[in-house]
Amino acid sequence: MELYLILRLVHILGAAVLFGTGLGIAFFMFMADRDGNPALIAGTARIVVVADFLFTATAVVAQPLSGIGLVLLTGRDIWESWIVTSLGLYILVGVFWLPVVWLQLEMKKMADEAILTGTALSPRYRHFMRIWFWCGWPAFISVLAIFSLMIAKPVLW
């Protein structure tokens, strides 16, 4: 298969994995939190952290590499406004994703502690969950914007 097609496939699959894994993780964490059961929250957090490291982290590396490869192969200018904007949004997604992974790990620990002590989830857990929830929105919106930019390739400046 032609290198261009391979890179394009990797890039599209990476975008799908980033979007799909992010949306799936958000859904399952949100639903576990709504249930309020520390055992369910701990189990869900354990699984979503693994998913983040296996799928999201892999796609996070593949995206810029395949994107730069596509730019070089197609002769595009890396400084085209839609590419620069996409990269900026990609960095923004990372700025929100990294704390979310840490928060998930911490919320898992807090849920494990609640299980061990037989107590309710702490106010600190609730605080972390609110931060986790609100960190997801800029990342989600940014990913949608990146998809739009990749499809339309607009001249922004």
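In what follows, the accompanying structure is described. (Residues numbered from 1 in each chain as written. Predicted model: local features only at pLDDT ≥ 70, side-chain atom pairs only at ≥ 80, totals over all residues. Heavy atoms only, no water.)

### Overview of the nonpolar core
Just so we agree on the cut-off: Buried residues of nine kinds, namely Ala, Val, Leu, Ile, Met, Phe, Trp, Tyr and Cys, make up a nonpolar core once their side-chain atoms join them within 4.5 Å. For each residue, the accessible area found with a 1.4 Å probe, counting protein chains only, is set against the maximum for its type, and the residue is called buried under 20%, exposed over 50%, and partly exposed in between. A run of DSSP states H or I qualifies as a helix once it reaches four residues; a run of E qualifies as a strand once it reaches two. Both are numbered from the N-terminal end. The contact definition used throughout considers only heavy atoms, calling two residues in contact when any of these lie within 4.5 Å.
Counting 20 residues, the largest nonpolar core has M29, I41, M107, L121, Y125 and W132 as the members making the most contacts within it. It is helix α3 (residues 81-117) that contributes the most residues to this core, six residues altogether. In this structure, M107 is in contact with M29, Y125, F128, M129 and W132, ignoring residues within four places of it in sequence. Listed in part, the eight residues of the second largest apolar core include A15, V71, L89 and I146.

### Observations regarding the packing of helix α2 (residues 38-74) against α3
When two helices pack together, their arrangement is given by the angle between the helix axes and by the axis-to-axis distance. Cut-off, in case you're wondering: Fitted lines through C-alpha atoms serve as axes, helices being fitted only where they are in contact, and the angles separating the N-to-C directions of these axes extend from 0 to 180 degrees. Working rule for angles: under 35 degrees goes down as roughly parallel, over 145 as roughly antiparallel, 65 to 115 as roughly perpendicular, anything else as oblique. Crossing handedness is read from the near helix: turned anticlockwise from the far helix by less than a right angle, it gives a left-handed crossing, and turned clockwise, a right-handed one. When residue character is reported, Ala, Val, Leu, Ile, Met, Phe, Trp, Tyr, Cys and Pro are called nonpolar, Asp, Glu, Lys and Arg charged, and the others, Gly included, polar.
Between α2 and α3, the shortest axis-to-axis distance is 9 Å and the interhelical angle comes to 160°. Regarding the angle of α2 to α3, the classification is roughly antiparallel. Like other packed secondary-structure pairs, α2 and α3 cross with a definite hand, here left-handed. Classifying every residue of the contact of α2 with α3 by side-chain character gives 22 nonpolar, three polar and four charged.

### With respect to the packing of α3 against helix α4 (residues 123-152)
The contact between α3 and α4 brings their axes to 8 Å, and the two run at 155°. By the angle class used here, α3 and α4 are roughly antiparallel. In this structure, the crossing between α3 and α4 has a hand that is left-handed. When its residues are assigned to classes, the contact of α3 with α4 shows 24 nonpolar, four polar and two charged.

### Observations regarding the side chain of S86
Within the secondary structure, S86 is located in helix α3. If we skip the residues at most four places from it in the chain, S86 touches I146 and L149.

### Thoughts on the packing of aromatic side chains
Rule in force here: When two rings of Phe, Tyr or Trp (its six-membered ring) have centres within 6.5 Å they constitute a pair, described as stacked for plane angles under 30 degrees, edge-to-face for angles over 60, and tilted for the intermediate range.
The full count for this structure, using the stated rule, is eight aromatic pairs. Relative to F128, the ring of W102 lies with its centre 5.5 Å away and its plane at 45°, an arrangement referred to as tilted. Of this pair, W102 sits in helix α3 while F128 sits in helix α4, placing them 26 residues apart in sequence. Residue F128 is classed as buried on the basis of its relative accessible area of 8%. Where F133 meets W134, the ring centres are 5.0 Å apart and the plane angle is 90°; that geometry is what we call edge-to-face.

### Considerations on the pattern of salt bridges
Oppositely charged side chains may form a pair once their charged atoms are brought near each other. What counts, and what does not: Here, a salt bridge means any side-chain nitrogen of Lys or Arg that lies within 4 Å of a carboxyl oxygen of Asp or Glu.
Per the counting criterion, the structure on display carries four salt bridges. Between R76 and E80 there is a salt bridge whose closest N-O contact spans 3.0 Å.

### Here we look at a nonpolar patch on the surface
Cut-off, in case you're wondering: Residues enter patches when they are more than 30% accessible in relative terms and free of salt bridges; like-charged ones are connected within 9 Å and nonpolar ones (Val, Leu, Ile, Met, Phe, Trp, Tyr) within 5 Å. Residue exposure ignores everything except the shown protein chains as possible cover, and the areas themselves are Shrake-Rupley values with a 1.4 Å probe.
On the surface, L3, I6, V10 and L73 cluster together into a nonpolar patch covering about 320 Å² of accessible area. Top element by residues in the nonpolar patch is helix α1 (residues 3-35). It accounts for three residues. The residue L73 is located in helix α2 in this model. Judged by relative accessible area, which is 44%, L73 ranks as partly exposed.

### Here we look at the environment of A114
On the secondary structure map, A114 appears in helix α3. Along the primary structure A114 and D35 are separated by 79 residues, whereas in three dimensions their C-alpha atoms are 15 Å apart. Once you skip the residues sitting within four places of it in the chain, A114 turns out to touch P38, T119, A120 and L121.

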